[in-house]
Amino acid sequence: MAPVVPPPSHDHATATRALKGRDLRTLRDLSRGELLALLERARLMKADPAGFAAALTGRTLAMIFEKPSLRTRVTFDVGMYQLGGHAIYLSPSEISMGKRESTSDVAKNLERMVQGIMIRTFSQSIVDELAEAATVPVINALSDFAHPCQGLADYLTMREAKGELAGLKVAYVGDGNNVVHSLAHGAALVGAHLAVATPPGYEPSSEVISWVLGRAAQTGAAITLTHDPREAVEDADVVYTDTWTSMGQEAEADARRKVFGAYQVNDALFARARSDAIFMHCLPAHRGEEVTDSVIDSRRSVVFDQAENRLHVQKAVLASLMA
Ligand code: CP
Ligand code: NVA
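Think of each chain on its own: its residues are numbered from 1, step by step along the sequence as written. Each chain takes a letter, starting from A, and each ligand takes a number, starting from 1, following the order in which they are written. Local features in this predicted model are restricted to residues whose pLDDT is 70 or higher, and side-chain atom pairs enter the listing and the counts only when it is 80 or higher, whereas totals over whole chains, interfaces and linings include all residues. Remark: hydrogens and water are excluded; side-chain values derive from all non-hydrogen atoms of the structure.

Colleague: It is not clear to me how unusual backbone geometry should be interpreted in this structure. Could you clarify?
Modeller: Keep in mind that most residues, glycine aside, have a negative phi and that most peptide bonds are trans. Leu-283 connects to Pro-284 through a cis peptide bond whose omega is 5°. A run of H or I in DSSP counts as a helix once it spans at least four residues, and a run of E counts as a strand once it spans at least two, with each numbered from the N terminus. Examined against the element boundaries, Pro-284 turns out to sit in the loop between strand E9 (278-281) and helix H13 (293-296). In this structure, Leu-142 takes a positive phi of about 120° despite not being glycine. As for its placement among the helices and strands, Leu-142 is situated in the loop between strand E4 (138-140) and helix H7 (148-162). At Asp-235, a position not held by glycine, the phi torsion is positive, near 60°. Tracing the chain through its elements places Asp-235 in the loop between helix H10 (229-233) and strand E8 (238-241).

Right, here's the structure in full:
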């Protein structure tokens, strides 16, 4: 089936204009119209990068990293460059948030120097504190609670591969972490059905589930939880997994390998999804743990499209918030 790609509309332009000056702490900050408008803007930027080459001329983004990164660092840096702006990488040892100086003082300094701040950190409360203190937009580039830029790239990738997002069945198998929280927020807005399978005790946050359920009637979204990966994957359009051990949980890695052994996405599990289902992973992947080579390297894997789409959705976010 050819993907359904709607033309740009007046409504999309109005929705992205409303994002100017705002933060992106989680996908809950967006309305359904704003999320769809960002995906549409990302589609246009991907199709015609040259058309947006001066969108952020003279603007600078500070990038605070308290954890490692490949995709996030490169896509934000390249994204700012392609929009005519500039990005500054601040390494974990450089700022030492809350230790060398307070989060609020970091905000009060940076807002005098740059037009936007991106942060990858541990606690969501650091993102919130920074956003409350700073007068310039703050973008969450991963906290322990959420990974909204990843969620946007994931829904753009699903739209490219599957067309309509409303009614899609997305199965997530693994840890109830930051990545599934953002997938869940996004599902609530676009009207997808998210089926989550985790081991007992590793479910997504109940606060996230309640938020999704609170919007389900309006958008047609659904969220279901199970401990049986086969049940979640049955007839899914998308099968998604992530690492069993997120950054900051390294001490638990051995214990988690034992708990999550039955939650590997392998050929037998993937075969329970629809025959045209796609495989997704935010990366980095731990091949042989949460996913086998046979699945991640298969024709139906779209993991590198997801990685590339980080660039396009973040350009849409940067140009909308920082213009
Ligand atoms: N998916 C993702 O955020 O990758 P990095 O940790 O490499 O930035
Ligand atoms: N859940 C993972 C995502 C990495 C992009 C982590 O937080 O480490």
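Colleague: Before we go on, may I ask you to explain the site of ligand 1 in this structure?
Modeller: Here a residue is near a molecule or strand as soon as one of its heavy atoms is found within 4 Å of it. In the vicinity of ligand 1, the contacting residues are Ser-69, Leu-70, Arg-71, Thr-72, Arg-120, His-147, Gln-150, Cys-282, Leu-283 and Arg-310. Between an oxygen atom of ligand 1 and a side-chain N or O atom of Ser-69, the distance comes to 2.6 Å. Gln-150 places a side-chain nitrogen or oxygen 3.0 Å from a nitrogen atom of ligand 1. Using a 1.4 Å probe, the Shrake-Rupley method yields the accessible areas, and only the shown protein chains count as cover for residues. About the coverage of ligand 1: the protein hides 95% of its 250 Å² of free accessible area. Residues belonging to the shell around ligand 1 are distributed by class as follows: three nonpolar, four polar and three charged. Here a polar contact means two N or O atoms within 3.5 Å. Within protein one must be a hydrogen donor candidate and the other an acceptor candidate, and residues neighboring in sequence count only if both atoms are side-chain atoms. In this classification, the charged set is Asp, Glu, Lys and Arg, the nonpolar set is Ala, Val, Leu, Ile, Met, Phe, Trp, Tyr, Cys and Pro, and all remaining amino acids, among them Gly, are polar.

Colleague: Is there a simple way to think about helix H9 (residues 206-219) in this case?
Modeller: Three or four residues apart is the spacing at which side chains of an α-helix point the same way, because the helix has 3.6 residues per turn. The span expected for a helix works out to 1.5 Å for each residue beyond the first. The terminal C-alpha atoms of H9 lie 20 Å apart, and with 14 residues this matches the ideal 20 Å at 1.5 Å per residue to within 8%. Those residues of H9 that sit buried are Val-208, Ile-209, Trp-211, Val-212, Ala-216 and Thr-219. Elements that come into contact with the buried residues of H9 comprise helix H2 (32-47), helix H8 (178-190) and strand E7 (222-226). Working definition: with a 1.4 Å probe on protein chains only, accessible area under 20% of the residue-type maximum means buried, over 50% means exposed, and in between means partly exposed. The contact criterion used throughout is that any non-hydrogen atoms of two residues lie within 4.5 Å.

Colleague: Looking at this structure, how should I read the sheet that holds strand E6 (residues 193-197)?
Modeller: Strand pairing in a sheet takes place through backbone hydrogen bonds and is either antiparallel or parallel in direction. Two strands qualify as a pair provided DSSP detects at least 2 bridges between them. Taking strand neighbours across the sheet as the criterion, the five strands line up as E7-E6-E5-E8-E9 in an open arrangement whose pairing is parallel. Strands at the two margins of the open sheet, each flanked by one partner only, are E7 and E9. The mean inter-strand angle of the sheet, taken between neighbouring strand axes irrespective of direction, is 20°. Relative to E9, E8 is paired through four bridges, and the arrangement is parallel. Its bridge partner lying in E9, Val-238 is registered against Ile-278. Packed onto the sheet, H8 meets strand E5 (169-173), E6, E7 and E8 and runs at close to 155° relative to E6. Interaxial angles span 0 to 180 degrees and are taken between N-to-C directions of axes, which are lines fitted to C-alpha atoms, for helices over the stretch in contact. Docked against the sheet, helix H14 (residues 303-322) engages E8 and E9, running at close to 50° with respect to E9.

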